[in-house]
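Letter by letter, the chains look like this.
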Amino acid sequence: MTRRPPTRRRRTLAPDPVTREIIRGALRAAQAHMEAVIERTAMSPFIREKNDYFAGILDARGRVVCGTMVPLFGNLMPIIFEQYPRDTMRPGDLYWYNDCHGSRGGVSHSPDMVFAAPVFHRGRLVAFSQTWGHFWDIGGMRAGSISPDATEIFHEGIIVPAVRIYREGVLNDEAFRIFVRNSRFPEILKGDIRAVLAGCQLGERRVLELFERFGADTVLAAWALFEQQCRDTIRKTLESRIPDGRYESEDAVDGDGMSDRSFHVRMRLTKEGGRITLDTRASDDQAKGPINFIMHESVPKLIVGIYLLSGHPTILMNDGAQDAIDDVLVRPGSILQPHWPAALGNRAHTLARVQSNVLALLALATGGDVPAPNSVYNIYFLRGFDRARNEFFLCSDGVAVGYGARPFADGLDAIYYVAQKNYPAEFMEMVFPLRLRRYALHQDSGGPGRYRGGAGVIREIELTADEAIVAIRQDNILFPPAGVNGGQAGRPGQCVVNPGRPDERRLAPMSDGNVLRRGDVLRLSTSGGGGWGHPFDRPLERVRRDVVGGFVSVDAAREDYGVLVDASGMIDLAATEARRAGPRGPVRMFHRHGYFGPLVVPRAGTIC
C-alpha cells in the first residue's frame, strides 16, 4: 500500500504591525469617505444638516469590522441572509430593508433604512459595505413617520422587508417606485435614497481596492486580529474590574404618550465562574405607545464594550465586543422585546434606559468608576402649509441635551446623540416658515457634582406661517438622569408655548396635534446630564467660572455647591468655608430626588 503524505494545512500569518495599521487606517478612511458622500449628496435636512446616518464595513459573515458603533441596532445582516443566501449573491447586488420586527431589532425604527452591498474579490465573497440613514418621511399616520400618537408599526410608515434593490448593477425600478409613492415628500426621499446608495457603493469599491492592494489572506488575517483584540481586551477588562457577584439596577421612561404611567427597565448582571450574564426579563410589559425597543442582544454588549474600550484608543471597536459577554436574556412581550405589531418610533427613550442601567450596573461593580447617565435627545415636528411658498412643510428637528459627568471631567454640554448637529439659524429661517429667537444653554440643568453634568439647551422658535401642528417628544422629566458616586441628578426640561404671555401654556412632553398659530413661540428646554462626585468637592474656581459663564446661577452655586459667589465672580471665602464644613448627611451611589443605593465611602479628609 502506498502511504499518502500528510496534508499540510495552509497557515495564514498575521500581517506585520505596519501593514496592520495601514489596513486599519484604510478602513477608517473608507468609512469617512462613505459618510462624506452621504452628507454632501442627501436632500433632507435630517441627513444633510443633522447627520443622522451611519456607515460601516462588515466581513463575509455580516459581522462589523469597522463602523460607527452606536448601540442602536443589532446584527444587520441575518434578515438579508434568510431571504438571499450568500451563495446566490453576485457582484453589483445591493440589499435594502427597514423591517424592525422582521429583523428582530437589526434596525430599531422604521425611518432608519439599511443598505448592504456584497464585496467580491476574484469571485469570492469577502465583505459587505453597509450604510443607513434616517429618511425624512416614509408615510404613516403623520408627516415625518414618527408620532407619539402611534400605537402600531403600521402607523409609522411603509415596511420594507429585505429586498434586492440592485441585481448585478441593475436597479429594481418597480420596488423603488412603490416605496417612493408612499412618501409625502417623494423628491426628497429619492435624493436621500440615492445618497445612501452611493455611499454604500463607494464603500464596496474602497474595500475591493484594499483587497487588491494587500491580498485577501492578509486583509482577512488583519480583520480577524482586530476582532480578537477587541474581544480579548473587553473580556480581560471585565475580569479585572468587575468582581464576581450579582448587581441589579432599574430606571424608568416617563411615559408612552398613551397611558398615565411610567415604564421600568430592569437589569441584573451576574458574573460567576467565568460567565457573565445580563438579564432584563424583569422589565415592564410592552407599551401601547411608541416607546417599545426591540433590543437585540448585541446592544447592551456594545454599550459595555464602548465603555471598557474608552481607555484603549488603539483597539478598533467591532463585533468582537459581542463575544465578551456570554448571555443576554430578554422576555418576549416586554418593553425590550415587544410583540408584533408594536409601535417603535420613539424607542430612543427606552434605549436611553438600557444605557443608564448598564452604567448603573458597572457603577455598582466598580465603586462608581463610570460616567453618569445622560438625557435622551429631544425631537419636535412642526407640520403645516406655507402660503408664501405654496407648499406643505415639515420641520423635523432633534435638540441637544446634557451628557453625564465622567469620573475625571465634566459632562459634555449641548450634545445631540453622539456627533449629530442642530439646524443653524440661517438654514432654519431660509427653509422653513420659522424664526429662531433664542438658542442658549439651559442654566442649572447640569447635575451638580465634583464634575458637573453637561447642560441642556433652550431653543425658542417663532412660527411665521398661518398655522402648524407640533409634536413633542421629550423625556427625563419625572426620571432625570441620575447622579453617580455622590453627584446629583440632572435637572429636567419642559416645553412651553408663548412663555411669559397671557396665553402661555405648557405642552405634554409626549404629545401630538398641538396647534400653533402665526406669532406663537415654542420654547423647548432640555434636560442636563447627571453629576459625578459630591458637589461640595468641586473646586471653587470651577464653580466661579460656571457662574460667570452662565452654566450655574448664583442661587444654585450657593445651594448645590456651597459656594457664595456673586454674578461678577467674587467669592465670599469665609462664608463658603463655613457652609461646606457642615455635615453632608449620608451620601449614596446614586441620586434622583434624593440619594439611594449603597453608601459612598468618603475620600480622606472629606466630611460626610
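Relevant structure appears above.
The rules we used
Residues numbered from 1 in each chain as written. Predicted model: local features only at pLDDT ≥ 70, side-chain atom pairs only at ≥ 80, totals over all residues. Heavy atoms only, no water. Pairing = 2+ DSSP bridges. Helix = DSSP H or I, 4+ residues; strand = E, 2+ residues; numbered from the N terminus. Contact = heavy atoms within 4.5 Å. Axes fitted to C-alpha atoms, helices over the stretch in contact; angles between N-to-C directions. Salt bridge = Lys/Arg side-chain N within 4 Å of Asp/Glu carboxyl O. Buried < 20%, exposed > 50% of the residue type's maximum accessible area, 1.4 Å probe, protein only. Parallel < 35°, antiparallel > 145°, perpendicular 65-115°, else oblique. Left-handed = near helix turned anticlockwise from the far one by under 90°. Polar contact = N/O pair within 3.5 Å; in protein donor to acceptor, adjacent residues only side chain to side chain. Phe/Tyr/Trp six-rings, centres within 6.5 Å; stacked < 30°, edge-to-face > 60°. Lys NZ or Arg CZ within 6 Å of the ring centre and 35° of its normal. Expected span 1.5 Å × (residues − 1). Core = buried A, V, L, I, M, F, W, Y, C linked by side-chain atoms within 4.5 Å.

(A) Representation of the sheet that holds strand β2 (residues 64–67) within the structure. Pairing in this open sheet of seven strands is antiparallel, and the strands run β2-β1-β5-β4-β3-β6-β7 from one edge to the other. Of all the strands in the sheet, just β2 and β7 (170–171) have a single pairing partner and so form its edges. In this structure, strand β3 (residues 94–97) lies alongside strand β6 (residues 163–167), joined through three bridges in antiparallel fashion. Each bridged residue has a counterpart across the sheet, and for W96 the counterpart in β6 is V163. Across the sheet, helix α6 (residues 216–241) lies against β1 (53–59), β2, β4 (112–121) and β5 (124–134), angled at about 55 degrees from β5, the strand it touches most.

(B) The arrangement of the pattern of salt bridges in detail. Taken as a whole, this structure holds 62 salt bridges when the rule is applied. Taking the shortest distance from any N to any O, the salt bridge between R63 and E227 comes out at 3.2 Å. You can see R63 sitting in the loop between β1 and β2 and its partner E227 sitting in helix α6, a full 164 residues away along the chain. One exposure class covers both R63 and E227, and it is buried. Between K271 and D244 there is a salt bridge; the shortest N-O distance is 2.9 Å.

(C) Quick look at the packing of helix α7 (residues 298–308) against helix α8 (residues 348–366). Close contact between α7 and α8 brings their axes to 10 Å; oriented N to C, the two are set at 50 degrees. When the axis of α7 is compared with that of α8, the two are oblique. Between α7 and α8 lies a crossing of right-handed hand. Contact residues: α7 offers V299, P300, I303, V304 and Y307, while α8 offers L351, V354, Q355, V358 and L362.

(D) Molecular detail of the side chain of R452. You can see R452 is positioned in the loop between β14 (434–441) and β15 (457–463). Separated by 3.2 Å, the side chains of R452 and D546 make a polar contact. Beyond its immediate stretch of four places on either side in the chain, R452 contacts A405, D410, G411, D413, G446, G447, R538, D546, F551, V552 and Y561.

(E) Molecular detail of the packing of aromatic side chains. Tallied over the full model, the rule gives 16 aromatic pairs. With a centroid separation of 4.8 Å and 50 degrees between ring planes, the pair formed by F54 and W132 is classed as tilted. One end of the pair, F54, is in strand β1; the other, W132, is in strand β5, with 78 residues separating them in the sequence. On the numbers, 6.3 Å between centres and 45 degrees between planes, the contact of F115 with F135 is tilted. One end of the pair, F115, is in strand β4; the other, F135, is in the loop between β5 and β6, and 20 residues separate them in sequence. Note on accessibility: F115 and F135 belong to one class, buried. Taken together, W96, F115, F135 and F179 form an aromatic cluster joined through their ring pairs. Its guanidinium or amino end placed over the ring of F81, R86 lies 4.1 Å from that ring's centre, counting from NZ or CZ. The ring of Y439 carries the charged tip of R459 above its face, separated from the ring centre by 4.4 Å.

(F) Summary view of α8. Helix length check: α8, at 19 residues, gives a terminal C-alpha distance of 27 Å against a target of 27 Å (1.5 Å per residue), a fit within 8%. For α8, the buried fraction is high: 17 of the 19 residues fall into the buried class. One or two residues past the end of α8 sits G367, with phi positive at roughly 70 degrees.

(G) Local environment of helix α1 (residues 17–41). In this model α1 runs 36 Å from its N-terminal to its C-terminal C-alpha over 25 residues, within 8% of the 36 Å that 1.5 Å per residue would give. Restricting attention to buried positions, one finds in α1 the residues T19, R20, I23, R24, L27, A30, Q31, M34, E35 and I38. Against the buried residues of α1 lie α2 (45–48), β1, β2, β5, α5 (186–214) and α6. A side-chain oxygen of the first residue of α1 lies 3.1 Å from the backbone nitrogen of V18; this N-cap is D16.

(H) Representation of the nonpolar core in the model. Ranked by size, the top nonpolar core spans 93 residues in total, and within it L238, Y380 and L382 carry the most contacts. Tallying contributions element by element places α8 first for this core, with eleven residues. In contact with Y380, other than residues within four places in its own chain, are C395, S396, D397, V399, M428, R459, I461, A471, I472 and L524. I38, I80, L94 and F176 belong to the second largest nonpolar core, which has 50 residues in total.

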